[in-house]
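Examination of the molecular architecture
Here are the chains, one letter per residue:
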Amino acid sequence: MNMILRHKIIGCLTLLLVTVSANFAKGQGVVVSVSGPPDTTHQYNSSLVVGYQLLGVSWIATGAYSNVNIAVSLGGNSGATGIAYLTRSIGTGTAIANQVASASFSFPSTGSFVPMLSGLNLTAGTYYLIIQQTTNGINGNGQWLGTPSPNLSTAANVTANGEYYSYNAIQHYAPATSFSEVFTTYLDYYVTGTPVPEPSVTWLILLGSGVVIWWCRRNRIACLK
């Protein structure tokens, strides 16, 4: 094999490795989100009732994500508080063992996105985000704001899995309450995170890097220091 051809092979392989590596080093990106124009008819905003009504959304990911952050759009209701649960299942039989994370939050004074959970490392699977209001505010019941024209954005390996609600008495562990599903998600929320490369991709990068180093040393190409 002549020197020019060798250099071309090395150049192509190096470009491939750089491209693959860059795709997994982009940092934070959208995992799943729903947004759109505000609901002026009050048909798509959904109320949260202390002790009685729960709301949730779900998504399915076939890949892992790190540093995952989740926020939902809540109506203004100063003084109101709640709890956000992220679980692997909901409904009868769900237990704390199915929980990924939970955190308390406060409603904003005016409608805005409110951070629910942050810094999570999520493996592939199905996830449910359940929101529970625990105390009333100046406006009584809180609202998860929705949109009449939802704009759904997802990463390539993520599928939105609907919207969930419960008008039943809330169980001691809220996600264990019985839920009904709406297949289109109208509630505004977003989930961001950093894709975690599959082990096979990591091994490909390492193997390819080793081949490049071997070629460079064999042909005394001063491309590595």
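As a reminder, the structure under discussion sits directly above these lines.
An account of the accompanying structure is given in this report. (Residues numbered from 1 in each chain as written. Predicted model: local features only at pLDDT ≥ 70, side-chain atom pairs only at ≥ 80, totals over all residues. Heavy atoms only, no water.)

Let us now look at the overall build of the chain. Helices and strands together make up the secondary structure of the chain, namely two helices and 13 strands. Considering only residue pairs separated by 6 or more positions, the chain has 84% of its internal contacts joining residues 24 or more positions apart. Element-wise, carbon and sulfur atoms account for 58% of the exposed surface of the chain, whose accessible area totals about 11700 Å². (Helix = DSSP H or I, 4+ residues; strand = E, 2+ residues; numbered from the N terminus. Contact = heavy atoms within 4.5 Å. Areas by Shrake-Rupley, 256 points an atom, 1.4 Å probe, with all protein chains shown as cover.)

In a beta sheet, neighbouring strands are held together by backbone hydrogen bonds and run either parallel or antiparallel to one another. What the six strands build is an open sheet, ordered 6-5-8-3-11-12; its pairing is antiparallel. One side of each edge strand has no neighbouring strand; the edge strands of this open sheet are strand 6 (99–106) and strand 12 (180–182). Direction aside, the axes of adjacent strands within the sheet are offset by 25° on average. With seven bridges connecting them, strand 5 (residues 81–87) and strand 6 associate as antiparallel partners. Its bridge partner lying in strand 6, Tyr85 is registered against Ser102. (Pairing = 2+ DSSP bridges. Axes fitted to C-alpha atoms, helices over the stretch in contact; angles between N-to-C directions.)

Let's shift gears to empty space enclosed by the protein. Any space left empty among the atoms is revealed by the rolling of a water-sized probe across them. For the coordinates displayed, the defined rule picks out one cavity of 30 Å³ or more. Computed from the structure, the largest cavity encloses a volume of approximately 50 Å³. In this structure, the largest cavity is lined by Val31, Trp59, Ala61, Gly63, Tyr65, Val68, Leu122, Thr123, Tyr127 and Val191. Secondary structure elements with two or more residues in the lining of the largest cavity: strand 3 (54–61) and strand 4 (65–74). Its residues placed into classes, the lining of the largest cavity shows eight nonpolar, two polar and no charged. (1 Å grid on protein atoms, 1.4 Å probe; cavity = no way out; pocket = protein on both sides within 12 Å on 5 of 7 lines; lining within 4 Å. Points joined across faces, edges and corners; volume = space filled by probe spheres on them. Nonpolar A, V, L, I, M, F, W, Y, C, P; charged D, E, K, R; others polar.)

This part takes up the pairing of strand 4. The buried count for strand 4 comes to seven of 10 residues, which makes it a mostly enclosed element. Two elements, strand 4 and strand 7 (residues 112–122), share seven bridges in a ladder whose sense is antiparallel. By the bridge assignment for strand 7, Val68 is matched with Leu120. Where strand 4 lies against strand 13 (residues 189–195), six bridges are found, and the strand directions are antiparallel. The partner of Asn69 across the bridge, within strand 13, is Thr192. (Buried < 20%, exposed > 50% of the residue type's maximum accessible area, 1.4 Å probe, protein only.)

Time to look at the packing of aromatic side chains. What the rule picks out here adds up to seven aromatic pairs. Ring plane angle 75° and centroid distance 5.5 Å describe the contact between Tyr128 and Tyr164, whose orientation is recorded as edge-to-face. Highlighted residues: Tyr128 in strand 8 (residues 125–135) and Tyr164 in strand 11 (residues 158–166), separated in sequence by 36 residues. Judged by its relative accessible area of 14%, Tyr128 falls in the buried class. (Phe/Tyr/Trp six-rings, centres within 6.5 Å; stacked < 30°, edge-to-face > 60°.)

Turning to the environment of Gly162, a few remarks are in order. By the element assignment, Gly162 lies in strand 11. On the accessibility criterion, Gly162 (2% relative accessible area) is buried. Beyond its immediate sequence surroundings of up to four residues, Gly162 is in contact with Val57, Ser58, Glu181, Val182, Phe183 and Thr185.

The next point concerns the nonpolar core. Counting 33 residues, the largest nonpolar core has Trp59, Ile70, Leu86, Met116, Leu129, Trp144 and Tyr189 as the members making the most contacts within it. Of all the secondary structure elements, the ones that give two or more residues to this core are strand 1 (29–35), strand 3, strand 4, strand 5, strand 6, strand 7, strand 8 and strand 13. Sequence-distant contacts of Leu129, defined by excluding residues within four places in its chain, comprise Leu55, Gly56, Val57, Trp59, Ile70, Val72, Ala84, Tyr85, Leu86, Leu117 and Trp144. (Core = buried A, V, L, I, M, F, W, Y, C linked by side-chain atoms within 4.5 Å.)

Time to look at the side chain of Ser33. Assignment of secondary structure puts Ser33 in strand 1. In this view, Ser33 contacts Asn151, Leu152, Ser153, Tyr189 and Tyr190; residues no more than four positions away in its chain are not counted.

Structurally, Trp144 can be placed in strand 9 (residues 142–144). The class for Trp144 is buried, based on a relative accessible area of 0%. In this structure the side chain of Trp144 is engaged in a polar contact, spanning 2.8 Å, whose partner is the backbone oxygen of Asp188. (Polar contact = N/O pair within 3.5 Å; in protein donor to acceptor, adjacent residues only side chain to side chain.)

Keep in mind these values describe shape, not function.
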